[in-house]
Amino acid sequence: MIDSVHRTRSAVRARGLTKTFTRKKETVEAVKGIDLDVAEGELVAFLGPNGAGKSTTLRMLTSLLAPTAGTAEVAGFDVVRHPADVRARIGYIGQGNAGGYSYRVGDELLNQGRFYSVPTTVARRRAGELLDALELSGLEKRTVQSLSGGQRRRLDVAMGLMNHPRLLFLDEPTTGLDPHARANLWEHVMRLRRENDMTMLLTTHYLDEADSMAERIVLIDHGSVIADATPEALKREYADDVVTLALEPASEGTGELLSRARSVLPGHISRVDELVEPDGSARLVLATTHGPELVPPVLRSLGDAGVGVRSADVRAASLDDVFLNLTGRSLREEAA
Ligand SMILES: Nc1ncnc2c1ncn2[C@@H]1O[C@H](COP(=O)(O)OP(=O)(O)OP(=O)(O)O)[C@@H](O)[C@H]1O
């Protein structure tokens, strides 16, 4: 009972959060009045194209950047009026590597502890625990510049956790890492999250990462929230699975075959497209909310009507489809 009350407390609450940058004569409306609630214990990902306003939002929530308008409370404190209270309770892992290149790994962690006023003996113990937890043991005496990209990013995470935060902000934690290093970093971060019961708010360009890691996705475009739900709900609401059926050739001709096939399809299909290859072979492309479940009844109906099916392929709805349907643009292409 107590736990459920505790869990529904708000870790982040923003209303009308706005940031306008003005430089010389240029004005950039980076964030346009975002409302956001993150409950304690949630893992929320900001997903959006370059320049959407994700980092600017994160920097306002971590008190690093003053909003132009609107309010935000983080860990119960107003980010403008009580920035020190906010910073004492959060960890922030920015886009760039935090470690000073010529400093030693161990010293960087102790310096970070000092920055958060963690007593030295506690900081030493904490640094040791984090080095172990993030597979950095034995590297204390190495300089930051001698670490691999993945090790450096793990050091960033360790630095962000020196003050034992319950709320962690990560700005593109895995950008630039190879798939193995990305998976490795996530494994560590998720374990530390479980062990420390942390709330997490992160930004990412990687659709697969947001899809598999985030409990909730806040889709941001041009400084505004365009959707906010679980990955499953977003895909159900804004995208379809695509079922492609390659048909067996028939003597009656491709046009007649396709119209006979179409006429027996079950009702709950959002869209049917026909593809005819140069060699005359035909495919039906069906957009539907429940692709895998649609295949058996479609095969039965086509079979009963004497339409042979050579192969069936189901492509599950993706977050890129969601973004495409909401904005007309592909996140995958913009990221590339
Ligand atoms: N200090 C600044 N001065 C002027 N404009 C800025 C500044 N910081 C960000 N911007 C602009 O604000 C907009 C939002 O930038 P922001 O970095 O928040 O986007 P983002 O979604 O995090 O992008 P990315 O995924 O590329 O990091 C962009 O148009 C950017 O050029």
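What you see is a predicted model, and the numbers here were worked out from it, not measured in a lab. Throughout, a residue's number is its position along its own chain's written sequence, starting from 1. Where local features are concerned, this predicted model is filtered to residues with pLDDT of at least 70; where side-chain atom pairs are given and counted, the filter is 80 or more; whole-chain, interface and lining totals use all residues.

A count of helices and strands for the protein chain gives 13 helices and 14 strands. As a reference, a globule follows 2.2 Å times the number of residues to the power 0.38, and the radius of gyration itself is taken over C-alpha atoms. In terms of overall size, the protein chain is more extended than a compact globule, its C-alpha atoms giving a radius of gyration of 25 Å where 336 residues would be expected to give roughly 20 Å. Reported as C-alpha extents along the three principal axes, the dimensions of the protein chain are approximately 85 × 55 × 45 Å. Exposure is read from a count of other C-beta atoms within 10 Å of each residue's own; the residue is exposed at 12 or fewer, buried at 20 or more and partly exposed in between. C-beta atoms are placed from the backbone. When the 336 residues of the protein chain are sorted by exposure, 36% land in the buried category. Note that contacts rest on C-beta atoms placed from the backbone: two residues are in contact if these are within 7 Å. Taking the contacts inside the protein chain whose residues are at least 6 apart along the sequence as the reference set, 69% of them involve residues at least 24 apart. Secondary structure follows DSSP: runs of H or I at least 4 residues long count as helices, runs of E at least 2 residues long count as strands, and numbering of each begins at the N terminus.

Further remarks concern the sheet that holds strand β6 (residues 90-93). By definition, the strands of a sheet pair up through backbone hydrogen bonds, in either a parallel or an antiparallel sense. The mixed open sheet is built from six strands, whose spatial order is β6-β7-β8-β3-β9-β10. Where the open sheet ends on each side, the last strands, each with one partner, are β6 and β10 (224-229). Recorded for the sheet is a direction-independent mean angle of 15 degrees between the axes of neighbouring strands. Should DSSP find at least two bridges between two strands, the strands are taken to pair. Here strand β3 (residues 43-47) pairs with strand β8 (residues 199-204) via five bridges, running parallel. The residue of β8 that forms the bridge with Ala45 is Leu202. Contacting β6 and β7 (167-171), helix α6 (residues 149-160) crosses the sheet at an angle of about 160 degrees to β6. Only the stretch in contact is used when fitting a helix axis, every axis being a line fitted to C-alpha atoms; angles between N-to-C directions are given from 0 to 180 degrees. Running at roughly 105 degrees to β10, helix α9 (residues 231-238) makes contact with β9 (216-221) and β10 of the sheet.

The subject of this paragraph is the pairing of β6. Taking every second residue as pointing to the same face, both faces of β6 are buried, with Ile90 and Tyr92 on one and Gly91 and Ile93 on the other. Relative to β7, β6 runs parallel, the two being bridged by four bridges. Its bridge partner lying in β7, Tyr92 is registered against Phe169.

Here the focus is unusual backbone geometry. Its identity is not glycine, yet Ser63 carries a phi of approximately 75 degrees, on the positive side. By the secondary structure assignment, Ser63 is in the loop between α2 (54-61) and β4 (69-74). A residue is classified by how many C-beta atoms lie within 10 Å of it, and Ser63, with 22 of them, is buried. Of note in this structure, Asp197 is not a glycine but carries a positive phi near 55 degrees. Here Asp197 shows up in the loop between α7 (179-196) and β8.

Among all positions in helix α4 (residues 105-115), only Val105, Glu108, Leu109, Gln112 and Gly113 are buried. One face of α4 carries all of its buried residues, which in axial projection span an arc of 140 degrees. Those residues of α4 that are buried lie in contact with α5 (120-133) and α6. The first or second residue beyond α4 is Ser117, which carries a positive phi of 60 degrees. Note that the arc is defined by the directions from the helix axis to the C-beta atoms.

Moving on: the site of the ligand. Whether a residue is near a molecule or strand depends on its C-beta atom, placed from the backbone, lying within 6 Å of it. Around the ligand, the structure places 13 residues, and the nearest of them are Phe21, Ala30, Lys54, Ser55 and Thr56. Broken down by secondary-structure element, the contributors of at least two residues to the shell around the ligand are β1 (10-23), β2 (26-39) and α2. In terms of residue count, the dominant contributor to the shell around the ligand is α2 (three residues). Within the shell around the ligand, the residues separate by chemical class into four nonpolar, seven polar and two charged. When residues are grouped by polarity, Ala, Val, Leu, Ile, Met, Phe, Trp, Tyr, Cys and Pro land in nonpolar, Asp, Glu, Lys and Arg in charged, and all others, Gly among them, in polar.

Moving on, we get to the domain arrangement of the protein chain. For the protein chain, the domain assignment lists domain 1 (2-236) and domain 2 (240-316). Domain 1 and domain 2 are separated by 46 Å when their C-alpha centres are compared. For the purposes of this description, domain bounds are those given by an automatic or database domain assignment.

The element β3 is extensively covered by neighbouring structure, given that four of its five residues are classed as buried. Judged from the four bridges that link them, β3 and β9 form a sheet pairing that is parallel. When the bridges of β9 are listed, Ala45 appears paired with Ile217.

Moving on, we get to α6. Given a rise of 1.5 Å per residue, twelve residues ought to cover 16 Å, and the 17 Å separating the end C-alpha atoms of α6 matches this to within 8%. Burial runs high along α6: ten of the twelve residues are buried. Here α6 has its buried residues at Gln151, Arg152, Arg153, Arg154, Leu155, Asp156, Val157, Ala158, Met159 and Gly160. In this structure, the buried side of α6 is in contact with β6, α4, α5, β7 and α7. A helix is expected to reach a length of 1.5 Å times the quantity of its residues less one.

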